[in-house]
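Listed below are the residues making up each chain.
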Amino acid sequence: MSGTFPRAAVRRSWLAAALMLSAAACTDQPTATTPVPATDGAAPSELLSCRVTVSSGVMSCTSPTGGAEGGPSRTVYGGQNSLMRLTSTNLQNVGGTFQFDVTVTNLLTDQAIGTRDGVTAHPQGVRVFLVSEPSVTGGTGSVSVANATGDSTITAPDQPYFQYNGVLAPNATSPAKRWSFALNGAVESFSFQVMLSTEAQARLVISELLANPAAVADADGEYVEVYNAGRFPVNLRGFNVRDNANVVDTIKTDVMVERGGYAVLARLTDRTRNGNVDADYSYTTVVGPTATSLTFSNSGADRFVIKSGAGVTLDSVAYTSTSIVAKNGIARELVNLTADNTLVDGANWADATQNFSTTDRGTPGFARGGTGGGTVGDTTTTPVGPVTTVAVSPSNATLNPGGTQQYTATGRDSGGRTASTTFTWSSTSTSVATVSASGLVTAVANGTTTIRATSANGVIGSATLTVATASTGTASYLNHLEFGVPVDADSSNDIRLNKPQFALSYNAARGGPNWVSWDLNASHFGGADRCDCFMADSTLPAGTRLITTSDYTGSGYSRGHMVMSTQRTVNQFENATTFRMTNILPQIQDMNGGPWLKFENYNNDLARVNNKEVYNIAGGVYTANPATLNNAGKVAIPTHTWKIIVVMNRGEGLANVTSASSIQVIAVIMPNQAGIQNNDWPQYRTSVDNIEALTGYNFLSLLPDAIENAVEASAN
């Protein structure tokens, strides 16, 4: 097999198929070993080794000794006749092709497979894949999979698989799928190994809720704890949370919840600001509709709901009695994780009795009555344990051959707390990309590889990297700097980067762009998905401090695009370029998802609907000593964000400007503040002259002076 098959960014659960096929009876035999979950990313498995004798049409299978890697936070199981069953029938050799029919039965009693939410089929279905290529064990010649659904990087590159589509409910059996192996030469016998890869239905239980923290304001200290009652780890990425007002936040980052483990979703992740809550995710910072106002009521009924990306409810809790739920500094904890948890003010919930700070009670991230709490007045926490999971960032990236990307890894203990460790980096295919000891990846040639970080105690985290020669497809870019390079009086803080997709000036002291300039027309829009792959821009000069997506975590600010993701969707590579942190500024979500988004959509309609050429320049306005994200001194926060657009007919540029009426210039400047989400963009119109006065930059300098003076002075 050759080539690769794209993998979903979401981590997948793994089941090892301990298949026992009998050619005579065409039935499966149970294994003798009870499967146990992996605890450190690599554990004993019962992957199936099968040997086929061609002349007699007989296949016998055994479970070898050894292990199989499950990847970061993935679970490796044996499980034939325990968790699942593969059954074969109709084994025969037809004209040099050995073939048989295989069905998959889901023996899990409480979880569907081939789905994340139990209802919505996952596009990758249930895959039974070859761990290694089939090999000839008797005779001469070669053997290969003749009719695989595809091949992909699953536990290694280029693994053929057979895909069973649709949701497979508990105890359900799939339709049969024919497996064929092509025999070339005098093959007398051959062998192969298979495993099963699938998404499993998430079984999440909301198990703790703090609506009224005492140590800090509600907007900083509220949290919700989620328990994983399922058999496999669950990644919350792509799920959404909402409250009684139906305010929604879509989880855009990897949040792993181990089997029997907890994740804490909170207003802030910064423990110095949230009242000492060790949170895994802030549901007020990730880009999503009206994310900043999701909060609990202390005076009326409220709820908290977790839904899949397809809108299927995974769990929901509610309360009406604030005298019970909103007690000052006291969380509500679920008493019985297997009983009904619907009513937070009901009998299956109780007030927390252990303190996680001097004033607040609860056990966020731990079982009720577990080690997460302390005694009253004790602000210490349980010592951090050994690494049990490793997260690698970015989790999914695309590079040009020759491009570089700095990767980072974070180890966490069983309680989800960051654990100190060292990492050893590796690439599963060094012909595609190499990685240095510090995690700097260099793309070599087109293909897909897995970048791995192994902690000192052997836990593995991984991320998918695709290397592809940049192709604009049908995108037609004109000059991103058609009307001149914006300049100011101080060039020392201007690092100029000219990319195929846009041009920019980067300010290393502020950790963001001074300005970004780009051309926009209808050819730049396509069907590529939003990659959500925020990453450091490794094309900056050596020695420049790189900003990563984690610098925004817990800050309360969205990662605001200058070049909108939607405006570069011809292919996945084009879209990924907009997620470089050099294209990002901190934006309050009410502005980012309000008038700023409305103006972006107006620009998109000019290009797509009205077939215009739209030249954009965007950036921020700063005070002399700007505040920084999380007071870390790395990413400065602008007080306003501005944008200038020059609108012309498709394909036109500077050479077509003969008078002020030849072009339409629109300038806006918007305050970076909450409370403006419902405002429309026209109320923020201003003049280019005003933006020049606020930023110190000279824009549109290549226009003839008389035309420049006329169009820059007008706010209309």
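Predicted model only: the values in this text are computed from it and were never measured.

A.B. asks: Could you clarify how one ought to interpret the overall build of the protein in this entry?
C.D. replies: If you tally the helices and strands in the protein, you get 7 helices and 43 strands. Relative to all contacts within the protein whose residues are 6 or more apart in sequence, the contacts with residues 24 or more apart total 69%. Looking at the protein as shown, the accessible area adds up to about 25,800 Å², and 50% of this sits on carbon and sulfur atoms.

A.B. asks: Any chance you could explain the confidence of the model for the protein here in plain terms?
C.D. replies: If pLDDT is low for a region, its predicted coordinates should not be looked at in detail. Taken residue by residue, the protein gives an average pLDDT of 83. The fraction at 70 or more is 86%. In this model residues 63-78 is a low-confidence stretch, pLDDT under 50, and it forms 71 contacts with partners more than four residues away in sequence or in other chains. Contacts of residues 285-292 to residues separated by more than four positions or lying in other chains number 34 contacts, the stretch itself having pLDDT below 50.

A.B. asks: Before we go on, may I ask you to explain the UniProt feature "active site" (unreviewed entry) in the protein in this structure?
C.D. replies: Here the UniProt feature "active site" (unreviewed entry) sits at H561. Tracing the backbone shows H561 in strand 38 (residues 558-561). Residue contacts for H561: discarding those within four places in its chain leaves R530, F534, T578, F579, N583, I584, W596 and E600. Here T578 takes part through its backbone oxygen, which lies 3.3 Å from a polar atom of the side chain of H561.

A.B. asks: What should I look at first to understand the sheet that holds strand 30 (residues 423-427) in this one?
C.D. replies: Pairing between sheet strands relies on hydrogen bonds along the backbone, with the strands arranged either parallel or antiparallel. One open sheet holds the 4 strands; their spatial order is 27-34-33-30, and the pairing between them is mixed. A strand with exactly one partner marks an edge of an open sheet, and here the two such strands are strand 27 (396-399) and strand 30. Taking each pair of neighbouring strands and ignoring which way they run, the sheet shows an average axis angle of 25 degrees. Here strand 30 pairs with strand 33 (residues 447-455) via 5 bridges, running antiparallel. Paired with S427 across the bridge in strand 33 is I451.

A.B. asks: Even after reading the chapter, I still don't get the pairing of strand 15 (residues 223-228), so can you show me in this structure?
C.D. replies: Note on strand geometry: in a regular strand, side chains alternate between the two faces of the sheet. A large share of strand 15 lies buried, amounting to 6 of its 6 residues. The side-chain alternation of strand 15 yields two buried faces, one formed by Y223, E225 and Y227 and the other by V224, V226 and N228. By the bridge criterion, 6 bridges tie strand 14 (residues 204-210) to strand 15 in an arrangement that is antiparallel. Its bridge partner lying in strand 15, L204 is registered against N228. The pairing of strand 15 with strand 20 (residues 262-266) spans 5 bridges and is classified as antiparallel. In the strand pairing of strand 20, V226 is matched with A263.

A.B. asks: Hey, could you run me through helix 7 (residues 705-713) in this one?
C.D. replies: An α-helix turns once per 3.6 residues; consequently, residues spaced three or four apart project the same way. Residues I707, E708, V711 and E712 constitute the buried set of helix 7. An end-on view of helix 7 places all buried positions within 115 degrees of arc, on one side of the element. Exposed and facing more than 90 degrees away from the buried side of helix 7 are D705, A706 and N709. Those residues of helix 7 that are buried lie in contact with strand 42 (664-671) and helix 6 (688-695).

A.B. asks: Please explain the side chain of E225 as it appears in this structure.
C.D. replies: By secondary structure assignment, the location of E225 is in strand 15. The side chain of E225 sits in the buried core without any salt bridge; R368 is the nearest counter-charge, 9.4 Å away. At a separation of 3.4 Å, a polar atom in the side chain of E225 contacts the main-chain amide nitrogen of F366. Non-local contacts of E225, meaning those with residues more than four positions away in its chain, are made with V205, I206, S207, E208, Y262, A263, T363, P364, G365 and F366.

A.B. asks: Honestly, the sheet that holds strand 35 (residues 495-498) in this entry has me stumped. Any pointers?
C.D. replies: The sheet built from 7 strands is open, its strands ordered 35-36-37-40-41-42-43 with antiparallel pairing. Looking at strand neighbours, the two that pair on one side only are strand 35 and strand 43 (685-686), the edges of this open sheet. Note: strand 42 against strand 43, 2 bridges, orientation antiparallel. Bridge pairing links A667 to T686 in strand 43.

So, how was this worked out
Residue numbers here run from 1 along each chain, matching the order of that chain's written sequence. Residues qualify for local features only when their pLDDT is at least 70, as the model is predicted, and side-chain atom pairs are given and counted only at 80 or more; totals for whole chains, interfaces and linings, by contrast, use all residues. Heavy atoms from the whole structure form the basis of all side-chain values; hydrogens and water molecules are not counted. Helix and strand definitions follow DSSP, with helices as H or I runs of at least four residues and strands as E runs of at least two, each counted in order from the N terminus. Contacts are assigned to residue pairs that have any heavy atoms within 4.5 Å of one another. Per-residue accessibility takes into account occlusion by the displayed protein chains alone, with areas from the Shrake-Rupley method and a 1.4 Å probe. pLDDT runs from 0 to 100 and stands for how confident the predictor is about each residue. UniProt positions are given in the numbering used here, feature names are shortened, and annotations may be inferred rather than shown by experiment. Any pair of N or O atoms that falls within 3.5 Å is considered a polar contact. Within protein, one atom must be able to donate a hydrogen and the other to accept it, and sequence-neighbouring residues count only if both atoms are side-chain atoms. Here a strand pair is declared whenever DSSP counts at least two bridges between the two strands. Simply put, an axis is a line fit to the C-alpha atoms, just over the touching stretch for a helix, and the angle between two N-to-C directions goes from 0 to 180 degrees. Classification of residues uses two cut-offs on accessible area relative to the type maximum, computed with a 1.4 Å probe and protein chains only: under 20% is buried, over 50% is exposed, and between them is partly exposed. Taking the helix axis as origin, the arc is that swept by the directions to the C-beta atoms. When charges are counted, Lys and Arg contribute as positive and Asp and Glu as negative, whereas His and the chain ends are disregarded. The rule for a salt bridge is simple: a side-chain nitrogen of Lys or Arg has to be within 4 Å of a carboxyl oxygen of Asp or Glu.

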